[in-house]
Amino acid sequence: MTTTVSNDTASLLPSVSSFLSSPRQLLIDGEWVDAQDGRTFATLNPATEEELVQVAQGSAADVDRAVAAARRAFEAGSPWARMTPRERSHLLWRIGDLVEAHADELAQLEALDNGKRVEAARDGDVATTAELFRYFAGWATKIEGTTIPMSVPDRDFHAYTRREPIGVVAGIVPWNFPLLMAAFKIIPAITAGNTVILKPAEQTPLTALRLGELLLEAGVPAGVVNVVPGFGDTGAALVDHHGVDKVAFTGSTEVGKKIAAAASGNLKKVSLELGGKAPNIIFDDADIDAAIAGAVLGGYFNEGQCCVNGSRLYVHRAVFDEVVEGVANAARAIRVGSGFDPSTDMGPLVSQEQHEKVLGYIRSALADGAEVTAGSADRVGERGYFVQPTLITSVTEDMAVQTDEIFGPVVTAIPFDSEDEVVAAANNTVYGLAAGVWSKDIGRAHRVGGRLRAGTVWLNTWHADDVTLPRGGFKQSGWGRELGAFGLDDYTELKTVIAELR
Ligand code: ADP
């Protein structure tokens, strides 16, 4: 498989070139500022391994400044606290329009920084971000409480609940959907009236910074959303900070556990969307062509760097060879290349670290005696973090390639004979983010779906999604749910008010 890495800069929009022409700063209190100690770091283009731009690196001192700004912006009497729900709603809608108006620019920035295809970024990440602003614009005026009866003889009470913002929210996000993950944290938080400090991933800070500019342009008051790029220590400074009331984190289970422990200092609220290793179960009564297409999409979507990807295929023995051949052929046909080349199906992985990790897992599978049916443990091309989509067979449940979240285009396939056997195998993981079942037997599909311990279950489909749908993990895949009608619960405190009517 050949890989072409075009020189991307020729096709860049003037606004993107201009954004990359000078070092990017931190957004604190409505101002663009350097890090207090002046430090910066380089963000790279994973297709070329070249530096895109230097970005200010937030330290604990910058986190302090951002938390103080977010606290001031939250306090009673501030412009933000005085904004009515309807005004917040209109503001959110305006931001959605601005995101849409800048879709091409945001998509190019995302493709440069993360490696994904420009079209995928525009039609997926950016379009969904715009829709999320609009969806939550609707919720801003509907954060309601209830009235609750009390049974006290001879006295009269009026008891009701209110849902109030929690306060200062730290959003810490990964690099696989940089803009969208920023949106997942910022949007529900500000819909409910909180203020935010966002810490983008060190690999992909650019679209969050551009979003920060758009938020100011839309009229978000100073300090309501602060953006402080940096590494894990910047995130840790936020998690440790006693001025932060809640941490909303998406990332690895390993870091999620550290955050849960570190958050205990002031018992800040924590919501976590963590790793996954989703089982994708194909029965012999499935629509096999659809199941193969679903396995390919589910396995290789977003360069395999998606926590709800179906990375463990379980295929009924009667159709195992047919499905493996279909998935392998499709994997071989995937064109790997620059996200700016229109003929590319799959871009590079995000970083050298991820590249080495993923190739290392494929090598470990070979060393363990598994078979690489499609793909390879060799790097693709001389520059850039490319990997050929890989399908691994002759796998056993104890192999690292089967137990660990790889976060790359690597899918394993194991045959099964019975429903009980496959349910047990599918649930034999510390993760519980997503799962899927392919069967034309509607009873079986729902029955097996009901037995799978995962926050999202797809039946005869994969990656079907909407901003209206809640998501999150069972087991070590996380705490809490994001988006949909449940998505505001984690960003509000419930207050019960009891009045005696004298
Ligand atoms: P991935 O494995 O997908 O790179 P990580 O969980 O390592 O994901 O990182 C996700 C986000 O968490 C990034 O923004 C990263 O900088 C941040 N991070 C890493 N370590 C810590 C930590 N100890 N505390 C808070 N945030 C952290």
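Given the structure is predicted, the values throughout are model-derived calculations rather than measurements.

Asks: Give a description of the packing of helix α2 (residues 60-74) against helix α9 (residues 232-240) that names residues and reports values.
Replies: Across the interface, α2 lies against α9 with an axial gap of 9 Å and an inter-helix angle of 45°. In terms of orientation, α2 and α9 fall into the oblique class. Like other packed secondary-structure pairs, α2 and α9 cross with a definite hand, here right-handed. Only Thr234, Ala237 and Leu238 of α9 make contact with α2, whose side of the interface consists of Ala60, Val63 and Val67.

Asks: Provide a residue-level description of the packing of aromatic side chains, including the pertinent values.
Replies: Centre distance and the angle of the planes are the two values used to describe a pair of aromatic rings. Tallied over the entire structure, the rule returns 7 aromatic pairs. Geometrically, the ring pair formed by Phe41 and Phe231 is edge-to-face, given 5.0 Å between the ring centres and 65° between the ring planes. Of the two residues, Phe41 is situated in strand β3 (residues 40-45) and Phe231 in the loop between β9 (225-227) and α9; the sequence distance between them amounts to 190 residues. We classify Phe41 as buried; its relative accessible area is 5%. We classify Phe231 as partly exposed; its relative accessible area is 32%. The ring of Phe19 has Arg24 sitting right over it, with the charged end atom 3.9 Å from the ring centre.

Asks: If you had to explain the pattern of salt bridges to someone new, which residues and values would you point to?
Replies: Inspection of every chain in the model, using the stated rule, returns 31 salt bridges. Glu49 serves as the salt-bridge partner of Arg379, at 3.6 Å between the closest nitrogen and oxygen. Here the residue Arg379 occupies a position in the loop between β14 (371-374) and β15 (390-393), and Glu49 occupies one in the loop between β3 and β4 (50-56), the gap between them amounting to 330 residues. The partly exposed category is assigned to Arg379, whose relative accessible area is 40%. A relative accessible area of 28% places Glu49 in the partly exposed class. Where Glu202 meets Lys199, a salt bridge forms, and the shortest distance between an N and an O atom there is 3.4 Å. Each of the salt bridges in this network shares a partner with another, and the network as a whole consists of Arg24, Glu105, Arg210 and Glu213.

Asks: Before we move on, can you summarise the site of the ligand with the specific residues and values?
Replies: The full set close to the ligand counts 17 residues, and Val173, Trp175, Lys199, Glu202 and Ser252 are the nearest of them. Take Ala236: an N or O atom from its main chain is 3.5 Å from a nitrogen atom of the ligand. Considered on its own, the ligand offers 560 Å² of accessible surface; in the complex 81% of this is hidden by protein. Counting residues per element, the ones that place at least two in the shell around the ligand are α9 and α10 (253-262). Here the shell around the ligand is built from residues that sort into 10 nonpolar, 4 polar and 3 charged.

Cut-off values and rules
- Residues numbered from 1 in each chain as written.
- Predicted model: local features only at pLDDT ≥ 70, side-chain atom pairs only at ≥ 80, totals over all residues.
- Heavy atoms only, no water.
- Axes fitted to C-alpha atoms, helices over the stretch in contact; angles between N-to-C directions.
- Helix = DSSP H or I, 4+ residues; strand = E, 2+ residues; numbered from the N terminus.
- Parallel < 35°, antiparallel > 145°, perpendicular 65-115°, else oblique.
- Left-handed = near helix turned anticlockwise from the far one by under 90°.
- Contact = heavy atoms within 4.5 Å.
- Phe/Tyr/Trp six-rings, centres within 6.5 Å; stacked < 30°, edge-to-face > 60°.
- Buried < 20%, exposed > 50% of the residue type's maximum accessible area, 1.4 Å probe, protein only.
- Lys NZ or Arg CZ within 6 Å of the ring centre and 35° of its normal.
- Salt bridge = Lys/Arg side-chain N within 4 Å of Asp/Glu carboxyl O.
- Near = heavy atom within 4 Å.
- Polar contact = N/O pair within 3.5 Å; in protein donor to acceptor, adjacent residues only side chain to side chain.
- Areas by Shrake-Rupley, 256 points an atom, 1.4 Å probe, with all protein chains shown as cover.
- Nonpolar A, V, L, I, M, F, W, Y, C, P; charged D, E, K, R; others polar.

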